Amino acid sequence: MLKKITYTFILSFLTLNSFAQNNGGEIHGDFDLNMQSYQEDEIIGAKAADEIILNNAYLNINYTKGDFTAGLRYESYLNALMDFDDSYKGNGIPFRYASYTIDGLEVTVGNYYEQVGSGLIFRSYENKGLGADNAMDGIRLKYSPLKGIYLKTFIGKSRTYFTYAEGIIRGADAEVNLNEALNLESKTKIIIGQGLVSRFQADINPKFKLPQNVAAYSTRLNIINGGWNYSGEYAVKLNDPVGSLTSEGNNYAKGNALMSSLTYSKRGFGIVAEMHRVDHMEFRSERAQEKQYIINYIPTLTKQHTYTLLALYPSATQTEGEFGTQIDVFYKIKKGSLLGGKYGTKLIFNFSRINALNVGSSFLNDNRKHTPMFISIKGEELYYKDINLEVYKKINKKIRATGVIAKQSYNKDVLEGKTPGTYGIVESTIAIADISYKIKKGYTVRIELQELLADGGEGSWSMGLAEYTISPHWFFAVQDMYNWGNHEISKQLHYVNINFGYLKGANRIEIGYGKKRAGIFCVGGVCKEVPSSNGFSLAISSSF
Amino acid sequence: MRKLFLCLFATILFTSLCIAQNRTLPSIDVKTLEGGSINITALENNGKPIVISFWATWCKPCKKELNTIAEVYEDWQDETGVKLVAISIDNSRSMAKVAPYVNASDWDYEVYIDPNGDLKRAMGISTVPHTFLLNSKKEIVWQHKGYVDGDEDELLEQIKKLAH
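Residues numbered from 1 in each chain as written. Chains lettered and ligands numbered in written order. Predicted model: local features only at pLDDT ≥ 70, side-chain atom pairs only at ≥ 80, totals over all residues. Heavy atoms only, no water.

We now examine the overall build of chain A. From N to C terminus, chain A includes three helices and 33 strands. Its C-alpha radius of gyration of 26 Å places chain A within 12% of the 24 Å reference for a compact globule of 544 residues. Dimensions of chain A, computed from the C-alpha atoms along their principal axes, are close to 80 × 65 × 60 Å. Out of the 544 residues in chain A, the part that is buried amounts to 49%. For chain A, the accessible surface area stands at approximately 25,900 Å², while carbon and sulfur atoms represent 61% of it. Seen as two clouds, the 60 positive and the 54 negative side-chain charges of chain A have centres 9 Å apart. (Helix = DSSP H or I, 4+ residues; strand = E, 2+ residues; numbered from the N terminus. Rg over C-alpha atoms; globule rule 2.2 N^0.38 Å. Buried < 20%, exposed > 50% of the residue type's maximum accessible area, 1.4 Å probe, protein only. Areas by Shrake-Rupley, 256 points an atom, 1.4 Å probe, with all protein chains shown as cover. Lys, Arg positive; Asp, Glu negative; His and termini not counted. Charge placed at Lys NZ, Arg CZ, Asp CG, Glu CD.)

Further remarks concern the pairing of strand β27 (residues 461–470) of chain A. All names here are of chain A. Most of β27 is tucked away: seven of the ten residues are buried. Bridging between strand β26 (residues 443–454) and β27 involves ten bridges; their strand directions are antiparallel. Opposite L452, over in β27, you have W461 as the bridge partner. Remark: six residues form the turn of the hairpin made by β26 and β27, two consecutive strands paired antiparallel; G457 in that turn has positive phi of roughly 60°. By the bridge criterion, nine bridges tie β27 to strand β28 (residues 474–482) in an arrangement that is antiparallel. Within the sheet, the bridge partner assigned to T469 lies in β28 and is F475. What sits between β27 and β28 in their antiparallel hairpin is a turn of three residues. (Pairing = 2+ DSSP bridges.)

This brings us to the sheet that holds strand β7 (residues 130–134) of chain B. Sheets are built from strands paired through backbone hydrogen bonds, the pairs being either parallel or antiparallel. Residue and element names in this part refer to chain B. The strand order across the open sheet built from eight strands is β1-β8-β7-β4-β5-β6-β2-β3, with neighbouring strands paired in mixed fashion. Every interior strand has two partners, whereas the edge strands, β1 (23–24) and β3 (37–39), have only one. As defined by bridge partners, strand β4 (residues 50–55) adjoins strand β5 (residues 83–88) across six bridges and the pair is classed as parallel. Opposite F54, over in β5, you have I87 as the bridge partner. Along the sheet, helix α2 (residues 60–80) makes contact with β4, β5 and β7, crossing β4 at roughly 145°. Contacting β4, β7 and β8 (139–145), helix α5 (residues 151–163) crosses the sheet at an angle of about 170° to β8. (Contact = heavy atoms within 4.5 Å. Axes fitted to C-alpha atoms, helices over the stretch in contact; angles between N-to-C directions.)

In this structure the tally under the stated criterion is 36 salt bridges over all chains. Between R121(B) and E126(A) there is a salt bridge, with its nearest N and O atoms 2.9 Å apart. Here R121(B) is found in helix α4 (residues 118–122), whereas its partner E126(A) is found in strand β8 (residues 126–127) on a different chain. Given a relative accessible area of 13%, E126(A) falls into the buried group. Residues K491(A) and E488(A) are paired through a salt bridge, measuring 3.9 Å at the closest nitrogen-oxygen approach. (Salt bridge = Lys/Arg side-chain N within 4 Å of Asp/Glu carboxyl O.)

The next subject is empty space enclosed by the protein. Empty pockets left among the atoms are what a rolling probe the size of a water molecule brings to light. Taken as a whole, this structure holds six cavities of 30 Å³ or more when the rule is applied. Of the voids in this model, the second largest cavity is the one considered here, and its volume is about 240 Å³. Surrounding the second largest cavity, 22 residues form its lining, K303(A), Q304(A), T57(B), W58(B) and K63(B) being those nearest its centre. Every element with two or more residues in the lining of the second largest cavity is listed here: β19 (321–333) and β23 (382–394) of chain A together with α2 of chain B. Its residues assigned to classes, the lining of the second largest cavity shows eight nonpolar, seven polar and seven charged. (1 Å grid on protein atoms, 1.4 Å probe; cavity = no way out; pocket = protein on both sides within 12 Å on 5 of 7 lines; lining within 4 Å. Points joined across faces, edges and corners; volume = space filled by probe spheres on them. Nonpolar A, V, L, I, M, F, W, Y, C, P; charged D, E, K, R; others polar.)

Take the interface of chain A and chain B next. With 87 residues of chain A at the contact, the number on the chain B side is 63 residues. Between chain A and chain B, the buried area comes to about 6,200 Å², and carbon and sulfur atoms account for 52% of it. The salt bridge involving E71(B) is made with R400(A); its shortest N-O contact spans 3.6 Å. Ranked by residue count, the leading element in the side of chain A that touches chain B is helix α1 (residues 2–22) of chain A, at nine residues. For the side of chain A that touches chain B, a count of residues per class yields 28 nonpolar, 37 polar and 22 charged. (Buried area = accessible area lost by both parts, 1.4 Å probe.)

Turning our eyes to something else, we now look at the confidence of the model for chain A. Residue and element names in this part refer to chain A. Confidence along chain A averages 90 in pLDDT terms, with 92% of residues attaining 70 or more. Averaged pLDDT values over the elements of chain A bottom out at 48 in α1 and peak at 98 in strand β10 (residues 136–143). Across residues 9–16, where pLDDT falls below 50, the model places seven contacts with residues more than four positions away in sequence or in other chains. (pLDDT = per-residue confidence, 0-100.)

Residue and element names in this part refer to chain B. Closest axis-to-axis distance for the α2/α5 pair is 12 Å, and the angle between their directions is 15°. Taken together, the axes of α2 and α5 are roughly parallel relative to one another. By crossing handedness, the relation of α2 to α5 is classed as right-handed. Across the interface between the two elements, T68, I69, W76, E79 and T80 from α2 touch E152, L155, L156, I159, K160 and A163 from α5. Taken together, the residues that form the contact of α2 with α5 break down as six nonpolar, two polar and three charged. (Parallel < 35°, antiparallel > 145°, perpendicular 65-115°, else oblique. Left-handed = near helix turned anticlockwise from the far one by under 90°.)

Here is the structure:
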């Protein structure tokens, strides 16, 4: 009897389930696992983990049925990979949400990611590879009352590791596409936007009266005409002292940021000119906390390189204050011309330069008041400079080649938060050749040779990579980074990595062994950001 | 007992049929290169196959895939009527470079931007490139992670299966 009841139960469940499926309900998601073993290496200062093996994994599940969607993410850190913060510990379901849309209104409860404009005043996002995740937990509403008008508002708390910061974040944003909203048949398209975000945190400071509600707002404008596109955003953050107990420590100045870009493009040619100015603009979910609590995003105004030695000395935005400019030019030399050859040649030029604000960022308290000049470049401390040219050419049906030359200046003291004057600026010259040769259909060999010449920092490096791929399932790669120019002879080391992988459809398995430096790691046709490591690694990713 | 088995068999068959149904695109807005937004479910190709390829201006294998297909895209279109939709996951750091890069590269693809990863998450993508193939009913029938030289041949074979 009991058996029969069980059968009936299973049957009705299966039937119900299949009806649900029939009505359009779908379940999808993805799974990711990164396992790493650690070996001690005294020379490079690598520590062995007590656990020997560390493992990060997560599974996303999304259920969708018509305009309803719900989902969750299971995260597992047993224990977290070495470059991840210790606070990622154990298992949990830190992300779950439900959302529906009806008559233009979208309601989300639980966790969500959101961005206001370019992110200058607010951005919650995740980058699992780097351990970044400041998801919100609360309520979000999006509404489009008329074509071309987009409104959203949200409230919630911001995630840091497995907990939520103390501040309550409230936000609203309106965007109007004037052409759509007013039905304008104009060649020029104009989009305007206004965002407001505010954080509430009780003031329990015994000595100072701190603002409990801290607002930040931004205005943005986008004008498009034919091949031209201008985009600008200006943001202000009201005074937000950290809450120190000394009268020197608190800075009551407002912060501000401006970013602006102008692009022009047509077939075979594109140019991007960008600038940004950032002054005391870090916005955190909790007063007096570290960078894990940042809730805004000020994009770094330099090129995101993927060749290892180009990315050895990467730039990062100094949210306290910097001024930067960047230019990109994309050009395709036509087929059949002298320089273009049979298949054409592609050129990509990039220049960026970041420097300090005049006499530092804005500061205001009873003892000191300072507002930096709006624009000052000459004579200011250089943070970063990069000038690089990439040439891509298909030589014949079998051979493709990419060459890059670059010159970079990297202010190691500022960008790595060291005491001023310790290392100074690392000047490097970099050259790269990347050649791929198709042996026969589906079988390709690719060779990368990279050279970085520098006196400062860790000195000069060479790198070689050989990759053999068999489409569509297999890849094998071996690479060696050699720090031959290190000033300490004992640190003139080889960083050898061997990787191979198998991929089929939605599944990918990669096994590796060796020493990796932190950065973007591109191997076997996939790019991902990885922390530094030394030992065996296993990575599985799958989506369904 | 026999009835029960029969019933069980029928249910399992029915269920597996239902589970085997193809997945559709999630209802998520992406940005157009003209600053507007479009819901990804509104993609259309008059019943012909659609390829959706996730990429970024900083991703070498992604650009390699899309540049390689660009060389043969006209032939693919003539042969199968396929449309390729390239979705960039560049965020506000490199978003401004997307349109100039696409134009300078002479791509004839439909290009959209997913700046905060909303569509990327909804479609279960952890790394780029990631390519999906949609049939006439805009159901996802095939997908592939990564790109190595020659992967475009398998994609074309899959498209042909749908197109004939």
